[in-house]
Structure formats: structure tokens, C-alpha cells
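Chain by chain, the residues:
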There are 2 protein chains.
Amino acid sequence: MEAASGSSITLAQVARLAGVSRATASRVFSGNPAVSLEACSAVERAAAELGYVPNRAARSIASGRSESVGVVIPEPRSSLFLDPLFPRLLRGIGEELSASGLQMVLFAPPSPSDVQRLEQYLAGGHVDAVILLTFHESDTLSVRLQARGIPVIYGGRPSGRFNVSFVDVDNHAGGRSATEHLIAQGRRRIAHIAGPLRSRLASDRAQGFREAMWNSALRSDLVAHGEMDRDSGEVAMSRLLAESHDIDAVFAASDAMAAGAMWAMQVLGRRVPDDVAIIGFDDSPLAAATQPPLSSVRQPIEDMGREMTRLVVSMSGTRMQTPQQMILGSELQVRQSTLAAAS
Amino acid sequence: MEAASGSSITLAQVARLAGVSRATASRVFSGNPAVSLEACSAVERAAAELGYVPNRAARSIASGRSESVGVVIPEPRSSLFLDPLFPRLLRGIGEELSASGLQMVLFAPPSPSDVQRLEQYLAGGHVDAVILLTFHESDTLSVRLQARGIPVIYGGRPSGRFNVSFVDVDNHAGGRSATEHLIAQGRRRIAHIAGPLRSRLASDRAQGFREAMWNSALRSDLVAHGEMDRDSGEVAMSRLLAESHDIDAVFAASDAMAAGAMWAMQVLGRRVPDDVAIIGFDDSPLAAATQPPLSSVRQPIEDMGREMTRLVVSMSGTRMQTPQQMILGSELQVRQSTLAAAS
DNA sequence: CTGAAAGCGCTTACAG
DNA sequence: CTGAAAGCGCTTACAG
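(A) Quick peek at the protein's contact with DNA strand D. Of all residues adjacent to DNA strand D, which total 26 residues, the nearest are Arg27(A), Leu11(B), Arg22(B), Ser26(B) and Tyr52(B). Backbone atoms, meaning sugar plus phosphate, form 61% of the atoms of DNA strand D positioned within 4 Å of the protein. One of the backbone nitrogen or oxygen atoms of Ala58(B) is found 3.3 Å away from a base nitrogen of DNA strand D. When contributions to the surface near DNA strand D are tallied by element, the ones reaching two or more residues are helix 2 (22-29) and helix 4 (56-63) of chain A together with helix 2 (22-29) and helix 4 (56-63) of chain B. Looking at side-chain class alone, the surface near DNA strand D contains 14 nonpolar, 7 polar and 5 charged residues.

In C-alpha cells, the structure reads:
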């Protein structure tokens with residue numbers, strides 16, 4: 001069976017054309033410095049002429065390294081897949097990976113049994129490192145992988161566990177600066193539409209809110225919780241407005257909740273920003289689409305992807321597995337929803 | 001060097017425990033029916049006990065098949081990565097792939113030279129099939145891959161070429177039904193904010209618009225072009241409104257352009273939907289966030305991902321490479337932006 | 001239905 | 001700096 005597809009150039013052919021052994025040819029492709037310039041250039045010329053590209057599977061099996069890193073999305077049915085940040089994160093990871101000549105293998109196990117299979121698969125040395133994309137509970141996956149010596153890094157600080165590597169955005173500082181921005185605009189009765197209590201990310205943002213209010217001697221009693229989506233933002237805002245008529249600003253923990261809140265305000269006859277200023281979080285495409293455009297906290301998500309990749313790849317090089325942690329700053333994106341009322 | 005990570009169970013160990021040869025053990029994992037039930041169950045028991053998972057690299061190199069399909073995003077800097085549909089597409093692909101036990105390898109070559117490298121890589125038999133995610137010009141990539149016998153499928157109909165396999169959404173019908181919906185609401189002076197002329201997808205939608213107008217004996221003279229993003233939608237709407245004061249409805253070829261258009265209308269004092277009804281395309285998260293919420297054409301993107309995967313995988317099974325083409329319908333998502341004015 | 005054997009394309013001590 | 005040789009984990013005609 002002459003494989004129609006698999007009939008590509010092999011190392012042996014390159015070596016033959018270059019007049020060296022396979023061992024030598026192999027060395028030039030793996031960047032081994034112990035090769036004469038002569039041999040090196042002969043091999044490179046031959047490779048170029050033949051259009052040779054190393055077979056990763058063979059290389060992986062022979063060397064024990066796979067030259068690829070796994071990106072795992074444990075809950076594809078969850079919000080992450082629909083999160084506006086997800087593509088940006090993936091892009092950052094992809095850029096860094098291809099800069100390092102590594103392959104990105106994406107796993108989105110649809111069911112728990114698939115996670116099980118995946119765990120064995122990843123533990124089987126098919127991947128040099130694992131990037132775990134979950135903002136939720138950390139699972140046993142990372143523990144078992146680390147036990148096998150496979151470096152794992154989390155995107156976003158996993159709730160609960162401490163002994164893991166992660167890159168996160170500074171949600172606390174982001175929440176604080178969003179709130180400080182509202183205060184600087186002269187707002188005083190500021191409400192917060194927070195995410196669910198179980199979410200680390202959401203509670204960090206809420207903590208930032210409280211801190212900013214406290215620093216300015218303002219009361220942070222106006223807090224409602226939502227599920228980060230539009231509808232829960234709408235509900236939360238209606239409730240807040242029903243309870244306190246003097247609210248003059250809102251910090252929502254997500255743009256989607258902010259959009260829902262704006263809708264609630266419109267229904268209830270509150271003008272944005274004249275009556276109530278509002279700021280969101282994520283700086284998603286939503287933010288530019290609301291009326292008026294929504295101020296938001298912009299996170300360096302591409303950078304986060306790049307840093308995660310860089311860290312986990314460097315960990316796969318060294319034996320030591322000290323947890324690496326990194327927190328990135330965010331910046332305010334000010335739009336009309338928080339501009340001082342035209343007077 | 002006792003590899004800390006690679007020391008996983010091998011076929012040989014399973015075979016030994018099961019009391020059969022590696023050949024027999026191998027056969028049960030590859031689903032070869034020529035194995036006695038006795039041997040089969042012994043092997044399966046041994047595998048379960050040992051936690052064996054086949055090494056894909058070894059399997060790939062020995063069999064010539066890779067059990068993985070490549071998903072290529074040729075222009076990661078382009079809009080696709082930021083397209084709200086992208087995650088949904090990826091999810092559909094991922095689901096179908098893992099149902100078939102195939103691996104998804106994602107490629108997002110950042111530069112043209114990376115595309116070059118990738119081309120050789122994919123042609124080297126590292127992947128059983130390729131899913132090409134580009135709504136733009138078709139490139140030489142697919143041609144060369146097909147020449148090598150590697151099945152390729154496009155997501156979205158590539159402009160220009162005909163002899164390729166693709167799965168697309170029926171943009172023409174979508175544009176027509178959006179327009180018909182506006183007509184059914186009693187609107188008569190309907191404008192279209194179209195995408196760039198070079199885009200197949202955009203011109204299909206525009207064609208649908210024209211057809212619906214023609215069928216109702218309405219003039220389709222109110223057409224402006226944008227780049228599918230928010231800002232160009234705003235510009236286009238301003239221009240349309242400046243030229244024709246009697247516009248009572250707009251069909252925008254993307255939700256983002258619709259959002260921009262709504263903003264322009266607000267600035268110019270036109271009420272939605274009272275003065276002007278508006279409908280978008282994509283049913284992205286944007287649609288629920290605008291004020292009022294935006295009607296839109298919803299595409300079965302997850303299905304598209306699944307069908308693409310199913311098709312390309314089936315192609316990789318058979319020798320014949322007749323182009324497979326499939327077009328999926330879309331459905332209207334009606335919200336307040338097109339509801340009849342409350343009178 | 002089963003096993004011994006060759007082979008997939010590469011890497012890597014080892015001995016020069 | 002270089003090559004012969006063993007080996008990575010699996011599959012697959014081939015011969016029973």
C-alpha cells in the first residue's frame with residue numbers, strides 16, 4: 001500500500017543527499033551544536049531542496065518529548081467557551097507557542113468520562129506541558145499530571161488550591177480602580193453588581209470595590225449578585241433600584257451584567273450617565289455596542305495567554321516544579337457611560 | 001535517564017499481563033474483529049488494570065494514520081479570531097471530533113512564513129484531515145494539501161474556487177428572510193448596510209436583500225457598505241440617513257454594524273423601532289445588549305462545525321475526493337428592534 | 001484466531 | 001565532529 005499521503009521526505013533521504021549519516025542530519029535539526037559548519041549547511045541545503053519537514057510523531061517517540069503542549073478546556077458547555085475573552089486568550093497562547101516551534105493541541109472533553117480518558121492520555125507523555133483553562137474549581141486533573149512530572153499552568157487563579165502555577169489578571173486592583181474612577185467622577189452612592197460568591201474572580205473584584213469605597217469613607221452596602229450574564233444583571237439592577245432610590249453609579253463585574261443593568265435603568269427611566277454612571281469589566285465587544293458606550297476594565301488577555309505559555313514551557317525544561325505565579329495589571333477604558341453628566 | 005513523565009504503560013506490558021502477544025493486544029485496541037472473545041476480554045481487563053492508553057505517536061508512525069485532524073486559522077490577526085461565532089464553531093468541531101476519538105490540533109500561523117512551514121507539516125502526514133477556517137480568499141494551501149491526498153474542508157464558502165468541499169450557512173436565504181421580516185412588519189423604505197463587496201458572505205446577504213425587495217416590488221436602492229464592524233456601521237447609517245429621510249427600516253449584514261447604526265440613529269434622533277426598525281446578522285451576544293435588543297439572523301454554527309468535521313473525516317476514509325458541499329439554513333431571532341411601533 | 005518478525009522515522013548514548 | 005547500532009511503542013502483512 002503506497003500511502004498516498006504519507007509518502008513524504010524522510011531524514012534518511014536528506015542525509016543521503018547531503019552525504020552524511022542520519023545521525024548527523026538529525027543533529028542539525030535538533031540544534032545540536034556538535035556539527036561541523038560544512039555538514040550543517042550541506043544538510044540544510046538538502047532539506048530545503050527536498051522540502052523536508054521532520055516527522056513529529058517519530059521524533060516524539062524516539063526522544064520522549066512531544067514538542068507540543070495541551071490546552072484543556074474542561075467545561076466546554078460552560079461559559080468559558082462563550083466568554084468574549086476566550087478567543088483572545090487562545091490567540092495569545094497560539095502566538096507564543098508557534099514562536100517556540102511548539103504545537104498546540106486543544107482538548108475540550110465534553111463529558112466527565114472524556115476527562116478521565118484525557119487524563120490518562122496527557123499523563124502518557126503525549127504532551128510536554130498542559131495549560132488548563134478553567135476559572136472554576138480546580139480538579140484532580142492538575143494534581144495527577146503534576147505527580148507525573150508534567151507541568152501544568154492555570155489560566156486564572158483556581159479557587160481553593162494554592163500550590164499551583166497560574167497567571168491571572170489582577171481582579172482586585174481592577175475592581176478597585178473601576179470604583180475609584182466612579183468616585184473621581186463625583187459619584188457617592190455606588191452600587192456593585194457582583195458575580196457569584198463561589199467565583200474567585202468575582203469575589204476579587206468585589207473586594208476591590210469594597211476597598212475603594214472604604215478608602216473614600218463611603219459605604220459599600222449596595223451589593224447585588226448575578227451570574228455574570230446579561231439577564232442576571234438586569235434583575236440585579238432592578239432590585240437595587242427598588243431598594244435604594246439614590247444610587248448614582250454602578251460597578252458591574254462583567255460587561256454583560258452591565259448591559260442588562262443599563263436596560264433595567266432605561267425601563268425604569270434612569271438616564272446613563274446623567275442619573276447613574278455605570279462601568280463594566282472585560283472590555284468585551286459589548287462595551288462599545290451599548291448606548292451609551294460602556295466604560296470597562298480592560299484586561300491584557302493576550303498577554304496572559306503568552307505568559308502562561310512561556311511559564312509552562314520553561315517549567316517543562318527544568319526538573320524543579322516550584323509553583324510559578326504571575327498577576328497582570330488591567331487598565332481602564334473610559335467611555336460615555338461614566339462621563340460626568342453634561343450640565 | 002529514567003523519563004519522569006514518559007514512563008507510562010506500554011502495549012507489551014498489557015500483552016504480557018493478558019498472556020497474549022503484542023500483535024493480538026494491538027488488534028483489540030484497533031478494533032480488529034479477528035480476535036477471540038477470550039483474548040479480547042483478557043486484554044481489556046489487563047488494560048483497565050494497568051491504566052493503559054495507547055501512545056498515539058507510535059501508533060501514528062506505525063500505521064501511517066495520525067488519528068488527529070488539523071484546524072487551521074490562516075489569519076489569526078484577522079476578524080475571525082474575534083468573531084463571536086468562532087468559539088461556537090470550535091465547540092461544534094471539538095464535540096464531533098472527540099465523539100470520533102480524534103484529536104484536534106489547532107494551527108494559527110501568525111505570519112506567511114509560518115503558513116509555509118505549516119503547509120509542509122500538514123502535507124507530511126501528521127494529520128488525517130484539515131479543516132480550514134477562512135472566510136476570505138482561498139489560498140494555495142488547500143490545493144497543495146488535496147494534491148497530497150489530504151482531505152480539506154472549508155468553513156464558509158471560499159470566494160472564487162468551486163472545486164472544494166465546504167459547509168456554509170445559507171447567507172442568501174438569511175438575508176432574504178431578514179428583509180422579508182421587515183416587509184412583513186409593514187416597512188417599505190428599507191436600507192441595507194452591506195459588508196465589503198469582496199466578501200462572498202456579505203454579497204450573498206446583500207443578494208438576499210435584493211431578492212426580497214424585488215419580490216415585494218420594492219426598490220433596493222438604499223445600500224451602503226461597511227467593514228462588518230461597529231464603526232463602519234455607524235458611518236454607513238449616518239450617510240444613509242443624510243441621503244434619504246424616509247428610511248423606515250434597516251437590514252445590517254452584521255450585529256456589530258447594526259449596533260453602530262443604532263448609535264447613529266440615536267444621535268440623529270431616530271427612535272428604534274418606532275421610526276426605524278433594524279435587524280442584524282449573527283445573533284451574537286451583542287444582539288441582546290443593544291437598546292432595544294436587536295433582532296438578528298441566527299446561524300447554526302455549532303452544527304456547521306459538526307458537519308464540517310463529519311464530512312472531512314468521512315473523506316479521509318475513502319480514496320475518492322469528490323468535493324462535498326453542504327449548506328445550512330438559519331433562523332430569525334426576533335427582538336424588540338423590529339417589533340411594530342407601539343401605537 | 002494468533003504470533004514472530006520486520007518496519008514506521010527518528011534520536012541518542014557509545015565509541016571513535 | 002561523526003557514524004553504526006540499538007531502541008522508542010506500535011502495526012501489519014505473512015505464515016501458520
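(B) Quick peek at the relation of the copies chain A and chain B. Expressed as a screw transformation, the operator carrying chain A onto chain B has a rotation angle of 180 degrees and an axial translation of 0.0 Å, and the superposed copies differ by an RMSD of 0.1 Å. What the rotation and shift describe, once combined, is the action of a two-fold rotation axis. Interface residue correspondence from chain A to chain B reaches 98%, placing this contact among same-surface, isologous pairings.

(C) Summary view of the domain arrangement of chain A. Domain boundaries assigned for chain A yield domain 1 (11-63), domain 2 (68-169 + 301-329) and domain 3 (171-299 + 332-338). Placing a centre on the C-alpha atoms of domain 1 of chain A and another on those of domain 3 of chain A gives a separation of 59 Å.

(D) Representation of the pairing of strand 2 (residues 103-107) of chain A within the structure. All names here are of chain A. For strand 2, the tally of buried residues reaches 5 of 5 residues, placing the bulk of the element in the interior. Neither face of strand 2 is open: one carries Gln103, Val105 and Phe107, the other Met104 and Leu106, and all of them are buried. Here strand 1 (residues 68-72) pairs with strand 2 via 5 bridges, running parallel. Its bridge partner being in strand 2, Val69 is matched across the sheet by Met104.

(E) Here's a closer look at the sheet that holds strand 4 (residues 152-155) of chain A. Read from one edge to the other, the open sheet built from 12 strands follows the order 11(A)-5(A)-4(A)-3(A)-1(A)-2(A)-2(B)-1(B)-3(B)-4(B)-5(B)-11(B), with strand pairing classed as mixed. Among the strands making up the open sheet, the edge pair consists of strand 11 (325-328) of chain A together with strand 11 (325-328) of chain B. Here the average twist between neighbouring strands, direction ignored, is 20 degrees. Pairing of strand 4 (residues 152-155) of chain B with strand 5 (residues 165-169) of chain B, which is carried by 3 bridges, proceeds in the parallel orientation. Residue pairing for strand 5 of chain B: Gly155(B) is matched across the bridge by Val167(B).

What counts as what
- Per chain, the residues get numbers from 1 upward, laid out in the order the sequence is written.
- To read the labels, note that chains go from A and ligands from 1, taken in the order they are written.
- Reporting of local features is limited, given that this is a predicted model, to residues whose pLDDT is at least 70; pairs of side-chain atoms are given and counted only at 80 or more, and all residues count toward the totals for whole chains, interfaces and linings.
- As a rule here, side-chain values cover all heavy atoms of the structure and leave hydrogens and water aside.
- We call a residue near a given molecule or strand whenever any one of its heavy atoms falls within 4 Å of it.
- Under this definition, polar contacts are N or O atom pairs within 3.5 Å; protein pairs additionally need one hydrogen-donor-capable and one acceptor-capable atom, and for neighbouring residues in sequence, both atoms have to be side-chain atoms.
- Secondary structure counts use DSSP, requiring at least four H or I residues in a row for a helix and at least two E residues in a row for a strand, with both numbered from the N terminus.
- Three categories are distinguished: nonpolar for Ala, Val, Leu, Ile, Met, Phe, Trp, Tyr, Cys and Pro, charged for Asp, Glu, Lys and Arg, and polar for the others, with Gly belonging to the last.
- Alignment of copies: least-squares fit on C-alpha atoms of residues with pLDDT of at least 70 in both copies.
- The criterion used for residue contact is that any of the two residues' heavy atoms lie within 4.5 Å.
- How far each domain reaches was decided by an automatic or database domain assignment.
- When a residue's accessible area, from a 1.4 Å probe over protein chains only, is under 20% of the maximum for its type it is buried; when over 50% it is exposed; and in between it is partly exposed.
- Strand pairing is assigned whenever DSSP identifies at least 2 bridges connecting the two strands.
- Axis definition: a line fitted to C-alpha atoms, limited for helices to the stretch in contact. Angles are taken between N-to-C directions and run from 0 to 180 degrees.

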